[in-house]
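Observations on the three-dimensional arrangement
One-letter residues, chain by chain:
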Amino acid sequence: MPYPKMSKILPFLILLLLSLSLNEALYNEKTVYNQIPAKILQNMISQACANVEDEINCLSNVESRLPNGPRNASSVLKAALETSLNEVQLALRKVSDFSSLSSSTAREQIAVEDCKELLDYSVTELAWSLSEMREIRVRGSVHDRGGDLQAWLSAAVSNQDTCLEGFEGTNQHVRNNIKGSLTQVTQLISNVLTLYTQLHALPFRPPRHNHYHNNNDTNKNNDQDYFPKWMTEGDKELVVSSSTSKGIHLDAVVSLDGTGKYRSINEAIDDAPNHSNRRHVIYVKKGVYNENVDMKKKKTNIMLMGDGIGATVISSNRNFMQGWTTFRSATFAVSGKGFIAKGITFRNTAGPKNHQAVALRVDSDQSAFYQCSMEGYQDTLYAHSLRQFYRNCNIYGTIDFIFGNGAAVIQNCNIYSRTPLPLQKVTITAQGRKSPHQSTGFSIQSSHIYANQPAYLGRPWKPFSRVVYMNTYMSATIQPKGWLEWYGNYALNTLYFGEYRNYGPGALLSGRVKWPGFHIIRDVSEATFFTVEQFIDGMSWLPATGVKFSAGLTN
């Protein structure tokens, strides 16, 4: 049958879904998946291939993956996911063809390797999503899986952009050859994400479950910390302990003086088990470890335990001016799920003159950083993708020094600006959300900003950039307008920058920008959306230590 134009489909689909939501049917998965009319299902198939270059071939691929018998929303989403996954694998093969190109420059070769890794991230994230879709079909429920699916699809949408950005400073030949394939991949995944969020998400919706006490209990938990659900009580004890002794099990010890099994962090990580379901604890004794560490996605559930900020230091100076891509410049990079760091300093010493130079890059879903320090200049903390939590950390930098497209909550941290190059403007954040359906953004909560020169809270790197500051102290050098343009009017209508109950001499709101996308948040429910519980699904992977606490707003 012919496929109607999307301009006619989407309003009808959206109206239907809003009607369902008003009757609270969006929270009834059997209604969502099994009782949507056949015409709407057909429209969903069209949505899966909207805006792709070869729409007819795409539609054929989706149809070929649908069951011959009865169809429902689940089968359409699954077919769209499988089509997207197949397209990513084709793109990965195309990119790999450039790996051995003799005419490539060193920067191009690094960028190609970045692309291979990033496309592999997308393969993994789509595979995770398919696995969860199978669980939904068996159990008929998305309540405990919605956050996972949206997080993974959000990450998979953006990986291709990072790949293409890596060719900055080249002749663009390789980039131009692969751009079409990557654009198609991004569009397909974006279509799946759009379908999924239309079916299951409403902005600023209330929590699905209430496993803890409300905001009035905030004062009872004070500095209590939250940890991933797969941590044992021993793991929790290790994190909160000020000592690594007292009989706590350590799987590996790294020491520069030879008192541990390993002298380098890389050696200890190489020996760590792959795809581990149990916590693997690596204790890194005090010292400055001059090495670049890249913890690949197969290294899961690793905890890196140091002797404290400034005592255990991982340091390097990779930077853009040396020929590295921003992605590959990181002193420490981690993509294995469930990573925890405690008491570590991640440092890039390249300095402001060498431009992009990352200290820490994070692609680890459900990762936590506790009592750590990220020290650099431009692009210090690359919160690249997936869900991340930072607590009692220090972050130093000059330009866009908290950036990326992860979903990150930065809580009870200290943010310090450093002196940039002449004529440069200090910007704390540059968030990279490119679609309104991505569940990404930065929430900076109950923290302190100390700037020793004029500084801005952020600027919009991508069109739907999303950053909020809540209950945070701002020093006097935060500029009255608060936020800085990227260029011209770019993204000013589509971004979401917000401030809620901040304080200090730099927190005055009277001189703030008047952009359509800037929000002085006064609605408590809107602010609550950006808390640990809702924004990063924290209650599913950052459970309590046993003491009463709130994962919501703080006083």
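Residues numbered from 1 in each chain as written. Predicted model: local features only at pLDDT ≥ 70, side-chain atom pairs only at ≥ 80, totals over all residues. Heavy atoms only, no water.

1. Focus on the layout of surface pockets
Empty space among the atoms becomes visible once a probe the size of a water molecule is rolled across them. Within this model, the second largest pocket holds a volume of roughly 380 Å³. Lining of the second largest pocket is provided by 20 residues; of these, E168, T326, Q356, D379 and W461 occupy positions nearest its centre. When contributions to the lining of the second largest pocket are tallied by element, the ones reaching two or more residues are α7 (146-165) and β16 (399-404). At three residues, the largest contribution of residues to the lining of the second largest pocket is made by β16. A class-by-class count of the residues in the lining of the second largest pocket yields eight nonpolar, six polar and six charged. (1 Å grid on protein atoms, 1.4 Å probe; cavity = no way out; pocket = protein on both sides within 12 Å on 5 of 7 lines; lining within 4 Å. Points joined across faces, edges and corners; volume = space filled by probe spheres on them. Helix = DSSP H or I, 4+ residues; strand = E, 2+ residues; numbered from the N terminus. Nonpolar A, V, L, I, M, F, W, Y, C, P; charged D, E, K, R; others polar.)

2. Some details on the environment of Y377
Take Y377: it is sitting in the loop between β12 (373-375) and β13 (381-382). Between the alpha carbons of Y377 and N348 there is a distance of 7.8 Å; along the sequence they are 29 residues apart. Beyond its immediate chain neighbours, meaning those up to four positions away, Y377 contacts N348, G351, P352, G397, T398, I399, F401 and R418. (Contact = heavy atoms within 4.5 Å.)

3. Quick notes on the confidence of the model for the chain
Summarising the model, the chain shows a mean pLDDT of 85, and 81% of its residues fall at 70 or more. Confidence drops under a pLDDT of 50 for residues 1-9, and excluding neighbours within four residues, the segment shows 16 contacts in the predicted structure. For residues 544-550, every residue scores under 50 in pLDDT, and the model assigns this stretch 23 contacts once sequence neighbours within four places are set aside. (pLDDT = per-residue confidence, 0-100.)

4. Concerning the packing of helix α5 (residues 73-96) against helix α8 (residues 173-200)
The N-to-C vectors of α5 and α8 enclose an angle of 160°; their axes lie 9 Å apart at closest approach. On the basis of their axis angle, the class for α5 and α8 is roughly antiparallel. When the axes of α5 and α8 are compared, the crossing they make is left-handed. Note on element contacts: α8 touches α5 through N177, I178, S181, L182, Q184, V185, L188, I189, V192, L195, Y196 and L199, opposite A73, L77, A80, L81, S84, E87, V88, A91, K94 and V95. (Axes fitted to C-alpha atoms, helices over the stretch in contact; angles between N-to-C directions. Parallel < 35°, antiparallel > 145°, perpendicular 65-115°, else oblique. Left-handed = near helix turned anticlockwise from the far one by under 90°.)

5. As for empty space enclosed by the protein
For the structure on display, the rule yields five cavities of 30 Å³ or more. Put simply, the largest cavity is a space of about 80 Å³. Lining of the largest cavity is provided by S158, D161, T162, E165, Y382, H384, G404, N405, G432, W461 and K462. For the lining of the largest cavity, the leading source of residues is α7, giving four residues. For the lining of the largest cavity, a count of residues per class yields two nonpolar, six polar and three charged.

6. Points about unusual backbone geometry
Most peptide bonds adopt trans geometry, and most residues besides glycine take a negative phi value. Its identity is not glycine, yet N392 carries a phi of approximately 55°, on the positive side. Structurally, N392 is set in the loop between β14 (387-391) and β15 (394-397). Residue class for N392 comes out partly exposed when judged on its relative accessible area of 23%. At N412, a residue that is not glycine, the phi angle is positive and equals roughly 55°. Here N412 shows up in the loop between β17 (407-411) and β18 (414-417). (Buried < 20%, exposed > 50% of the residue type's maximum accessible area, 1.4 Å probe, protein only.)

7. Here we look at the packing of aromatic side chains
Each aromatic ring pair is characterised by the separation of its centres together with the angle its planes make. Counting across every chain of the model gives 22 aromatic pairs. Summarising the aromatic geometry, the rings of W483 and F497 are spaced 4.3 Å apart at their centres and angled 20° between planes, so their arrangement reads as stacked. In this pair, W483 sits in the loop between β24 (473-474) and β25 (496-500) while F497 sits in strand β25, placing the two residues 14 residues apart along the sequence. As far as the burial class goes, W483 and F497 line up, both buried. Three or more aromatic residues joined by ring pairs make a cluster, and in this case those are F332, F339, F346, F369 and Y390. In this structure, R107 packs its charged tip against the face of F320, placed 4.2 Å from the ring centre. One Lys or Arg, K462, reaches over the ring of W461 and ends 4.5 Å from the middle of that ring. (Phe/Tyr/Trp six-rings, centres within 6.5 Å; stacked < 30°, edge-to-face > 60°. Lys NZ or Arg CZ within 6 Å of the ring centre and 35° of its normal.)

8. Re the sheet that holds strand β7 (residues 332-334)
The seven strands are arranged β4-β7-β10-β13-β16-β19-β22 in an open sheet whose pairing can be described as parallel. In this open sheet, the two strands that pair with only one neighbour each are β4 (293-295) and β22 (455-460). Relative to strand β19 (residues 426-431), β16 runs parallel, the two being bridged by four bridges. Paired with G404 across the strands is Q431, a residue of β19. (Pairing = 2+ DSSP bridges.)

9. Brief notes about the sheet that holds strand β20 (residues 441-445)
One open sheet holds the eleven strands; their spatial order is β1-β2-β5-β8-β11-β14-β17-β20-β23-β25-β26, and the pairing between them is parallel. Each edge of the open sheet carries a strand with a single partner, namely β1 (252-254) and β26 (518-520). Neighbour to neighbour, the strand axes of the sheet diverge by 10° on average, direction disregarded. As paired elements, β1 and strand β2 (residues 280-284) share three bridges and run parallel to each other. Residue pairing in the sheet places V254 in a bridge with V284 of β2.

10. Notes on the state of the cysteines
Considering all chains together, one arrives at two disulfides under this definition. In this model, C49 is linked to C58 through a disulfide, with the two sulfur atoms separated by 2.1 Å. Its S-S torsion of about -80° marks the bond between C49 and C58 as left-handed, since a negative value means left-handed. Each member of the pair, C49 as well as C58, is classed as buried. The residue that forms a disulfide with C115 is C163, at a sulfur-sulfur distance of 1.9 Å. The S-S bond linking C115 to C163 shows a torsion near 90°; that makes this disulfide right-handed. Of the two residues, C115 sits in helix α6 (residues 106-139) while C163 sits in helix α7, which places them 48 residues apart along the sequence. Residue class for C115 comes out buried when judged on its relative accessible area of 0%. Residue classification places C163 among the buried positions, given a relative accessible area of 1%. There is no disulfide at C393, and the cysteine sulfur nearest it, in C413, is 4.6 Å away. (Disulfide = S-S within 2.5 Å.)

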